[in-house]
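So the chains spell out like this:
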Amino acid sequence: MAKVSMINRDLKRARLVKKYAAKRTELRSILQSSTVSYDEKEQAQARLQSLPRDASPVRQRNRCALTGRPRGVYRKFGLSRNKLREAVMLGQVPGLRKASW
């Protein structure tokens, strides 16, 4: 089980990413535009850098939905490798079973 503080930190980051998503996309589109002047791009860059650091989606971490484990998480299932294996063995994941050949 992961520390509760680490799980809460990731939840806080997810909220911040959602809150600032529209503003980030707007500023990034200004930066990527070829019709905008250099001064406007400079202002957009400064405003983008003034946003909270945790508002960047890159700072989010995938975690297991059951345990909060940060490593070995399968995106498709949202579970870490250990909990996914347990769920497969119990038959709780439809269409998935242990490989044997």
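Above this text sits the structure in question.
So, a few notes on the structure that sits alongside this text.

Basis of the calculations
- Residues numbered from 1 in each chain as written.
- Predicted model: local features only at pLDDT ≥ 70, side-chain atom pairs only at ≥ 80, totals over all residues.
- Heavy atoms only, no water.
- Helix = DSSP H or I, 4+ residues; strand = E, 2+ residues; numbered from the N terminus.
- Rg over C-alpha atoms; globule rule 2.2 N^0.38 Å.
- Buried < 20%, exposed > 50% of the residue type's maximum accessible area, 1.4 Å probe, protein only.
- Contact = heavy atoms within 4.5 Å.
- Core = buried A, V, L, I, M, F, W, Y, C linked by side-chain atoms within 4.5 Å.
- Patch = residues over 30% accessible without salt bridge, like charges linked within 9 Å, V, L, I, M, F, W, Y side chains within 5 Å.
- Areas by Shrake-Rupley, 256 points an atom, 1.4 Å probe, with all protein chains shown as cover.
- Salt bridge = Lys/Arg side-chain N within 4 Å of Asp/Glu carboxyl O.

**Focus on the overall build of the chain**
Next up, step 1: What the chain contains, in helices and strands, is three helices and two strands.
Next up, step 2: Sequence-ordered secondary structure for the chain, helices as α and strands as β, is α-α-β-β-α.
Next up, step 3: Against the globule reference of 13 Å for 101 residues, the chain gives a C-alpha radius of gyration of 20 Å, more extended than a compact globule.
Next up, step 4: Principal-axis analysis of the C-alpha atoms places the extent of the chain at approximately 60 × 35 × 15 Å.
Next up, step 5: Within the span of the chain, comprising 101 residues, buried residues form 25% of the whole.
Next up, step 6: Looking at the chain alone, contacts between residues at least 24 apart form 37% of all its contacts between residues at least 6 apart.

**Considering the nonpolar core**
One broad rule of soluble globular proteins: the nonpolar side chains tend to lie buried together.
Next up, step 1: Core analysis: the largest hydrophobic core is formed by seven residues, namely L16, Y20, L27, A44, L48, L51 and A55.
Next up, step 2: Only helix 1 (4-32) and helix 2 (38-50) provide two or more residues apiece to this core.
Next up, step 3: Per-element accounting of this core gives the leading share, three residues, to helix 1.
Next up, step 4: Ignoring sequence-local partners within four residues, the contact set of L48 consists of R24, L27, R28 and L31.
Next up, step 5: C64, L79, L84 and V93 belong to the second-largest nonpolar core, a separate cluster that totals six residues.

**Remarks on a nonpolar patch on the surface**
Next up, step 1: Together, Y74, F77 and L96 give the surface a local cluster of nonpolar side chains, amounting to about 260 Å² of exposed area.
Next up, step 2: Locating F77 in the fold gives a position in the loop between strand 1 (73-74) and strand 2 (79-80).
Next up, step 3: Taking relative accessible area as the criterion, F77 reaches 33% and is therefore assigned partly exposed.

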